[in-house]
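# Structural overview
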Amino acid sequence: MRRQFSSYIVGALSLAVFAFVPALAADNAAIKEKAAVCSGCHGENGISQTENIPSLAGQPDQFIQWQLVFFRAGSRKNDQMQPIVEEITNEDIRNFGAYFAQMTPAKAEEDKDPDLSKKGAQVAVGRRCASCHTDSFAGTKAVARLAGQREEYLVKALHDYKTGQRVGGGVAAMADVAYHMSDEEITAVSHYLAYFK
């Protein structure tokens, strides 16, 4: 009797798991459909082909969520993002974070200026970029992935932090780091990170 009951439970659980799979697939399809609006600027599969627009593929889940929250709250401003974030729910924000985080990030192309990358590597060490962004510059939790990001976007982001146009979150560490960087350092470290492998 006990064995028959155990078999019944295992069978019921198996059915429950398989019943859940189509719902999950449907949810993924719905998320993909909702995220299609993002691809117009951020590119197919989250890899940007547009100047000054970041790639989202492979960005940490929490980082994407926080940026969407900052945009929606108005603490981070962008004319293209504002009307989009006004329409998204908290559930959308969680879904978008997970959706883009699981995508394969852009692969860095061949470095055309290794000397500039060498200078950028020195800047990254001196400014202790890896202490937050990790040794692989892949980011973690609410900290951005920098490796393979568009070079001109990294320059823009650092200038925005330097001028106070972008404040970030938490203790505003990025604003403090960027404020003390020269234009030459910003150019070099952005190049280094964009081609980092």
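Before reading further, recall that the structure is shown in the block above.
This section reports on the structure supplied with the text. Since we're looking at a predicted model, the values are computed, not measured. (Residues numbered from 1 in each chain as written. Predicted model: local features only at pLDDT ≥ 70, side-chain atom pairs only at ≥ 80, totals over all residues. Heavy atoms only, no water.)

In this section: helix α9 (residues 183-194). Relative to the 16 Å expected for 12 residues at 1.5 Å per residue, α9 spans 16 Å between its end C-alpha atoms, a close match to the ideal helical length. Along α9, the residues that are buried comprise Ile186, Ala188, Val189, Ser190, His191, Tyr192, Leu193 and Ala194. Residues of α9 that are buried sit in contact with α5 (114-126) and α7 (151-163). (Helix = DSSP H or I, 4+ residues; strand = E, 2+ residues; numbered from the N terminus. Expected span 1.5 Å × (residues − 1). Buried < 20%, exposed > 50% of the residue type's maximum accessible area, 1.4 Å probe, protein only. Contact = heavy atoms within 4.5 Å.)

Moving on: the nonpolar core. Of all hydrophobic cores here, the largest spans 20 residues; its most connected members are Phe137, Val189 and Leu193. Contributions of two or more residues to this core are made by α5, α7 and α9. The element contributing the most residues to this core is α9, with five residues. In this structure Leu193 touches Phe137, Leu146, Ala147, Gly148 and Leu154, once residues within four positions along its chain are discounted. With 16 residues, the next largest nonpolar core counts Ile31, Ala35, Leu56 and Phe71 among its residues. (Core = buried A, V, L, I, M, F, W, Y, C linked by side-chain atoms within 4.5 Å.)

Before going further, it helps to spend a moment on the environment of Asp92. Position of Asp92 relative to the elements: it lies in helix α4 (residues 90-101). Setting aside its immediate chain neighbours within four residues, Asp92 contacts Lys34 and Glu87. Separated by 2.8 Å, the side chains of Asp92 and Lys34 make a polar contact. (Polar contact = N/O pair within 3.5 Å; in protein donor to acceptor, adjacent residues only side chain to side chain.)

Time to look at the environment of Asp111. Within the element layout of this structure, Asp111 appears in the loop between α4 and α5. With 86 residues separating them in the primary sequence, Asp111 and Lys197 have C-alpha atoms 9.8 Å apart. Among the polar contacts made by the side chain of Asp111, one reaches the side chain of Ser117 at a distance of 2.4 Å. Within the structure, the side chain of Asp111 is placed 2.7 Å from the side chain of His191, a separation counted as a polar contact.

Closest axis-to-axis distance for the α5/α9 pair is 7 Å, and the angle between their directions is 105 degrees. Here α5 lies roughly perpendicular to α9, going by the angle between them. Of α9, the residues touching α5 (which contributes Leu116, Ser117, Lys119, Gly120, Ala121, Val123 and Ala124) are Glu185, Thr187, Ala188, Val189, His191 and Tyr192. Here the residues of the contact of α5 with α9 are counted per class, giving seven nonpolar, four polar and two charged. (Axes fitted to C-alpha atoms, helices over the stretch in contact; angles between N-to-C directions. Parallel < 35°, antiparallel > 145°, perpendicular 65-115°, else oblique. Nonpolar A, V, L, I, M, F, W, Y, C, P; charged D, E, K, R; others polar.)

Turning to unusual backbone geometry, a few remarks are in order. One non-glycine residue, Asn52, adopts positive backbone phi at about 65 degrees. According to the relative accessible area criterion, Asn52 is partly exposed, its value standing at 31%. Positive phi is not limited to glycine here, since Phe137 has a value of about 55 degrees. In this fold, Phe137 is placed in the loop between α6 (130-133) and α7.

Remember that the coordinates give geometry; whether it matters functionally is a separate question.
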